[in-house]
Amino acid sequence: MNNASLQLPLHIRLWRNHKRSLSTLIALFVIWGIFTAFNPTLFTNWITYNAIFLTLPITIFLVTTLVFVIVSGELDLAFPSVMGFSGWMFVLALKAGWDPFLAMGGALLSGVAMGTAIGALVVYGKLSSLVATLGLNFFIRGIINIGAQGIAISAGNIRETLVYQVFAGRYFLFPNQMYWAVIWTLFCAYLFRSHQFGVRVQCVGDNPESAAQMGIDVNRVRMSVFAFSGLGAALAGVFSIFVNFVWWPTNGDGSLLPALAAVFVGGTPTWGGVGTVIGGALGAFIVGFIESGVVGIGFDGYYVQFFFGLIIILSMIGHRFSGRRIR
Amino acid sequence: MSDPVIELQGIVKQFGSVAALRGVSLKVYPGEVLGLLGDNGAGKSTLIKVLAGVHAPDSGEIRVRGQVRRKWNAAISRENGIETVFQDRALCSQHSIVTNIFMGRELKRFGGFIDHRRQFSEAERLMREIGFTSKVFSPDSTVGLLSGGERQGVAIARALYNEADVIVLDEPTTALSLMETQKVFRFVEAVKASGRSVIFIGHNIYHVYDIADRFVVIDRGQTALEASKAEIPDAETLIRTMQELAQHGKSEADGEAA
């Protein structure tokens, strides 16, 4: 009898476990290479990336948690409004004179609560998450609009606070939010692969009947991905205030399609069960990079959407090879 | 005879207007192989799913080692030493053998984080135990790339872990090759030899007759026959008895309808 370890060789395991994120990384390099070939001076200059790194973390917070939702086999289209809501709560708490750290904690909690409520409605109301969250996105935005009466709220004095220094100051080459986004991404990736929560999300998304038969509480798992998505949206909402110093009632509105695109460009397939958090974060980078890239290599702004769409489609075709569906 | 490990009594389960189970009772004694028989749609799989905690019964009682369990679901069923190899295998095909073996029962360290190393070595041990030692497999192999028999092996390996008291095999030999079927039989005998019980559900009455010590026949959601092997001389008699029961049940049902 063969008693040697059944462990596969390292390079095979690496590719097997990380093929989706690795192919996204390759795509990122290819796109960067093309841009740099067309405009070497611009794309080898650090300043070009400064603008990207300022706003990229916002998309990363959204994408990393959205990956859990998609992998669980659900869809969350309500995160833009939750982002706006939590940002609103943050500026209101600041205005009310709360300690900024407390205001941030409260805003994050409001996002989790909102996500939990959305999850409860979808799961226990047995609704299609696509339609329910589409409706809820309008509904929550509606509440924001009614409450804010179209008036923006300034948070300009946040710049002097310690919270701002910690989360959005600048250290060495990057704005601080970029470090936090990286830490958050690694945390989520670890949660996804090595925590009961992440592994059960994958099992439920792969085959909910099997998961239930093995004693996994499928409804609870589904609820918790929406709660987690609410946390990601709230983080995005708070960090958007750090970047913009002002909250608009439309806060988060524009993030729906780029964040969703980043999940799929990042290598998480649409059918559930499998996905990649790190790929999603890299996907957010690609999505954020295209806009400045297309203009940077000399095209008019009119071309941005054209290339945006082209790159999404090409990367989806690319992922067909790295991750076909196994049944 | 010693006391039953598991006892189901008067289990009723209704799906909409369809009465799947109409008061079924079932006892499983330690160290026995119980053959559960019945025609298609008789309610065997529903009964098994009630036992596994997947379906909640509308009424009836579940006893584990003499104790009535009021709260019953899939997780509790497994905690009480009942492992089921479902007809559809209940696997996640995009995931590894390890993930599937520990699905719903992950080996954890602090705070819910998974002990990958221990899971891997335990999976490796289980795979060896059931003779899953081909060079091409590793516990990391994706289940969806395995053959039907190999997938069955994963489901069985999962049921083996934790030394369950009762292992339920729902149609375990369907779509298996002759060699693989023999493997399943050897597995049933090994479980029995270790003093644990097996509920074996099958279509092939010859198979069930060969392997079981006792038989329960279910017909239209009710227990139609309970007999030990000593009471039934051969598989043909068992088949004849089942046919008579079906005829009888049918005329009774027709009588009811009329």
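The shown structure was predicted, so the numbers you read here are calculated from the model rather than taken from an experiment.

Overview of the overall build of chain A
Right, so step 1: Counting secondary structure elements, chain A contains 14 helices and four strands.
Right, so step 2: Compactness check: chain A gives a C-alpha radius of gyration of 20 Å against a globular reference of 20 Å for 327 residues, within 12% of the reference.
Right, so step 3: The principal-axis extent of the C-alpha atoms belonging to chain A is close to 70 × 55 × 35 Å.
Right, so step 4: Buried positions account for 48% of the 327 residues belonging to chain A.
Right, so step 5: A separation threshold of at least 6 residues defines the contact pool for chain A, and within that pool the share at least 24 residues apart is 78%.

A short note on the interface of chain B and chain A
Right, so step 1: The interface of chain B with chain A comprises 31 residues on the first partner and 27 residues on the second.
Right, so step 2: For the side of chain B that touches chain A, the secondary-structure elements that each account for two or more residues are α2 (74–79) and α4 (116–129) of chain B.
Right, so step 3: Of the residues belonging to the side of chain B that touches chain A, the class tally is 15 nonpolar, eleven polar and five charged.

What to know about the pairing of strand β9 (residues 214–219) of chain B
Residue and element names in this part refer to chain B.
Right, so step 1: Taking burial as the measure, the six residues of β9 include five buried ones, the bulk of the element.
Right, so step 2: Looking at chain direction, strand β3 (residues 33–37) and β9 are connected through four bridges and run parallel. Note on β9: the bridge partner recorded for Leu34 is Arg214.
Right, so step 3: Sheet topology places β9 next to strand β10 (residues 222–228); six bridges connect them, and they run antiparallel.

Considerations on the pairing of β3(B)
All names here are of chain B.
Right, so step 1: With five of its five residues buried, β3 lies for the most part within the structure.
Right, so step 2: Side chains of β3 alternate between two faces, with Val33, Gly35 and Leu37 and Leu34 and Leu36 buried alike.
Right, so step 3: Bridge count between β3 and strand β8 (residues 197–201): four bridges; the pairing is parallel. Bridging across to β8, Val33 finds its partner in Val198.

Comments concerning helix α6 (residues 129–148) of chain A
At 3.6 residues per turn, the α-helix brings residues three or four places apart onto the same side.
Residues and elements named next belong to chain A.
Right, so step 1: Between its terminal C-alpha atoms α6 stretches 27 Å, which fits the 28 Å expected from 20 residues at 1.5 Å a residue.
Right, so step 2: Three or more residues of α6 are buried, namely Ser129, Ala132, Thr133, Leu136, Asn137, Ile140, Arg141 and Ile144. Summarising the axial view, the buried residues of α6 lie within an arc of 160°, below the 170-degree limit, and thus occupy one face. When the buried face of α6 is taken as reference, the exposed residues oriented beyond 90 degrees from it are Val131, Phe138, Gly142 and Ile146.
Right, so step 3: Tucked inside the fold, the buried residues of α6 contact α4 (79–95) and α5 (100–124).
Right, so step 4: At the exit of α6 stands Gln149, carrying a positive phi of roughly 50°.

Examining the nonpolar core
Most often, soluble globular proteins keep nonpolar side chains buried together rather than apart.
Right, so step 1: Counting 156 residues, the largest nonpolar core has Val63(A), Val238(A), Val168(B), Ile199(B) and Phe200(B) as its most contacted members.
Right, so step 2: Looking at this core element by element, the count peaks at 14 residues for helix α11 (residues 218–244) of chain A.
Right, so step 3: Once residues lying within four places of it in the same chain are set aside, the contact partners of Ile199(B) are Val28(B), Leu34(B), Leu36(B), Val166(B), Val168(B) and Leu169(B).

Side note on the packing of helix α3 (residues 46–71) of chain A against α11(A)
Residue and element names in this part refer to chain A.
Right, so step 1: Where α3 contacts α11, the axes come no closer than 8 Å and their chain directions differ by 175°. The angle between the axes of α3 and α11 places the two elements in the roughly antiparallel class. In contact with Leu54, Thr55, Pro57, Ile58, Phe61, Leu62, Thr64, Thr65, Leu66, Phe68 and Val69 of α3, α11 contributes Val225, Phe226, Phe228, Ser229, Leu231, Gly232, Ala233, Leu235, Ala236, Phe239, Ser240 and Val243.
Right, so step 2: Considered class by class, the residues forming the contact of α3 with α11 number 17 nonpolar, six polar and no charged.

Side note on helix α13 (residues 277–296) of chain A
Residues and elements named next belong to chain A.
Right, so step 1: With 20 residues, α13 extends 28 Å between its outermost C-alpha atoms, agreeing within 8% with the 28 Å of an ideal straight helix rising 1.5 Å per residue.
Right, so step 2: For α13, the principal kink sits at Ile290 and spans about 35°.
Right, so step 3: Extensive coverage of α13 is indicated by the burial of 16 of its 20 residues.

Structural notes on the sheet that holds strand β6 (residues 82–85) of chain B
Residues and elements named next belong to chain B.
Right, so step 1: Strand order across the open sheet formed by six strands is β6-β7-β8-β3-β9-β10, with mixed pairing between neighbours. Each end of this open sheet is capped by a strand with a single partner; those strands are β6 and β10. Between one strand and the next, the sheet's axes are offset by a mean angle of 20°, whatever the strand orientation.
Right, so step 2: Its contacts with the sheet put helix α1 (residues 44–51) on β3, β6, β7 (166–170), β8 and β9, and the angle it makes with β7 is roughly 150°.

Rules used in this analysis
Residues numbered from 1 in each chain as written. Chains lettered and ligands numbered in written order. Predicted model: local features only at pLDDT ≥ 70, side-chain atom pairs only at ≥ 80, totals over all residues. Helix = DSSP H or I, 4+ residues; strand = E, 2+ residues; numbered from the N terminus. Rg over C-alpha atoms; globule rule 2.2 N^0.38 Å. Buried ≥ 20, exposed ≤ 12 C-beta atoms within 10 Å, placed from the backbone. Contact = placed C-beta atoms within 7 Å. Nonpolar A, V, L, I, M, F, W, Y, C, P; charged D, E, K, R; others polar. Pairing = 2+ DSSP bridges. Expected span 1.5 Å × (residues − 1). Arc of directions from axis to C-beta. Core = buried A, V, L, I, M, F, W, Y, C linked by C-beta atoms within 7 Å. Axes fitted to C-alpha atoms, helices over the stretch in contact; angles between N-to-C directions. Parallel < 35°, antiparallel > 145°, perpendicular 65-115°, else oblique. Bend = angle between axes of the 7 residues up to and from the residue.

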